[in-house]
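# Residue-level structure breakdown
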Amino acid sequence: MIDIPNTAADINPPALKHVYGPVSSRRYGQSLGVDLSVPKTCSFNCLFCQIGPTPATMAERNEIPPISEVLAELDFWRDSGGTADFITAAGSGEPTLHRHFGKVFRWAHEKGDCRTLLLSNGSLFWDPEVRRDAKLADVVKVSLHAWDQSSFERICRPHPTLRLDRIVEGYRKFREEFTGRLDCEVFIIPGINDSDEAATKTAELVKSFSPDYITLNTAIRPPAESGVVACPPERIRALLQLFGPNAYAGGGEPPAVTIPFSETALLNLLSRHPVSIPVLSRTFSKSESEMREILKEMKNRGLPAFAIME
Ligand code: SF4
């Protein structure tokens, strides 16, 4: 989804086809992208897509590229001294269409010592297998730009089998099951979903699955194909009120991906996968020595802080 110089490829130019970056962002720090969708493979053909039209939307999951090829690139990147805050499944299409996208997150936790991020359009969250593997990520960002099937079809131009009500029901189930951070992106298109009525209905639907943060985005570079234009900043600011206190404008200061420290938050994180002290310290904005003290004290009380990789 993002046009980024492939600096990882500079380590060994012929080697990397699926791994790009790391790219720096205020929200996600240094993020290494893993693209499972080259050439563009997507379940949507959104009016606002910056990548270009989807050749043919699909909703059937596949195994292209072979996941062994992708993991070999990640091994190479790590062995070449690569470091990143996040390993991000994203790229030029929809990552959950790949049947093995969860293996990227397993690799990151076991070998990469990084946190993990899934950037998804959410179209397959009705599928329990997709939700199961999405739960392996520390942060998941999904999207919702519409309020009913007709507006969904107009904005996202999805594969004909996809139903908005099933997707949102999948989001609700995911929220119940997922203990990490769930973000939702809403893309605002003037003349389609920027009226008070449309935005109110969209906001109600978004709030129904309780994302931690909501981002309102709009076109930065209008896509030539659909003629979608940018929503003025003052209108975005007005719409934020409808989405509630955890909604932010895409160009504004986004909330950094740290988690307010609590014993429950720490135990939730450790219940999903082992995490090293440096990663815990970045996640909770605490020094490594503070983290060690906290873990030692929890361990003394018999809590399962032993799950830490040193
Ligand atoms: S979900 Fe929409 S914006 Fe994202 S890659 Fe697919 S068509 Fe483009």
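Throughout what follows, the structure given in this document is the object of discussion. (Residues numbered from 1 in each chain as written. Predicted model: local features only at pLDDT ≥ 70, side-chain atom pairs only at ≥ 80, totals over all residues. Heavy atoms only, no water.)

On to the pattern of salt bridges. Where charged atoms of side chains with opposite charge meet at close range, the side chains can pair. The final tally for this structure, using the stated rule, is 18 salt bridges. As a salt-bridge pair, D133 and R132 come within 3.1 Å of each other at their nearest N and O atoms. For D133, a relative accessible area of 5% puts it in the buried group. Across the pair E204 and K207 runs a salt bridge, and its minimum N-O distance is 3.8 Å. (Salt bridge = Lys/Arg side-chain N within 4 Å of Asp/Glu carboxyl O. Buried < 20%, exposed > 50% of the residue type's maximum accessible area, 1.4 Å probe, protein only.)

At a minimum axis distance of 9 Å, the contact between helix α6 (residues 196–207) and helix α7 (residues 233–243) shows a crossing angle of 45°. Classified by the angle their axes make, α6 and α7 are oblique. For the crossing formed where α6 meets α7, the hand is right-handed. Contact residues: D196, A199, T200, T202, A203, V206 and K207 in α6; R235, L239, L242 and F243 in α7. Class assignment of the residues belonging to the contact of α6 with α7 gives a composition of six nonpolar, two polar and three charged. (Axes fitted to C-alpha atoms, helices over the stretch in contact; angles between N-to-C directions. Helix = DSSP H or I, 4+ residues; strand = E, 2+ residues; numbered from the N terminus. Parallel < 35°, antiparallel > 145°, perpendicular 65-115°, else oblique. Left-handed = near helix turned anticlockwise from the far one by under 90°. Contact = heavy atoms within 4.5 Å. Nonpolar A, V, L, I, M, F, W, Y, C, P; charged D, E, K, R; others polar.)

This next bit is on the sheet that holds strand β1 (residues 19–25). Hydrogen bonding along the main chain pairs the strands of a sheet, whether they run parallel or antiparallel. Strands sit in the order β1-β2-β3-β4-β5-β6-β7-β8 across an open sheet of eight strands; the sheet is mixed. Strand pairing shows two members of the sheet lacking a second neighbour, β1 and β8 (247–249), which therefore form its edges. Looking at each pair of strands side by side, their axes are set apart by 25° on average, direction ignored. Strands in contact with helix α1 (residues 67–79) are β1, β2 (29–35) and β3 (86–90); relative to β2, the strand with the most contacts, it is inclined by about 150°. (Pairing = 2+ DSSP bridges.)

Below, the discussion takes up the environment of R221. Examined against the element boundaries, R221 turns out to sit in the loop between β7 (213–217) and α7. Taking the relative accessible area as the measure of exposure, R221 reaches 52% and is therefore exposed. When the C-alpha atoms of R221 and Q50 are compared, they prove to be 7.5 Å apart, with 171 residues separating the residues in sequence.

Let us now look at unusual backbone geometry. Residue G21 is joined to P22 through a cis peptide bond whose omega torsion reads 5°. With respect to the element layout, P22 can be found in strand β1. Of note, the bond from I64 into P65 is cis; its omega dihedral lies within 30 degrees of zero at 0°. With respect to the helices and strands, the residue P65 is situated in the loop between β2 and α1. Although it is not a glycine, D113 adopts a positive phi angle of roughly 55°. Residues other than glycine seldom take positive phi values, yet S210 does so here, at roughly 50°. On the secondary structure map, S210 appears in the loop between α6 and β7. Of the residues examined, S210 reaches a relative accessible area of 43% and is grouped as partly exposed.

By themselves, these observations are geometric and do not establish any function.
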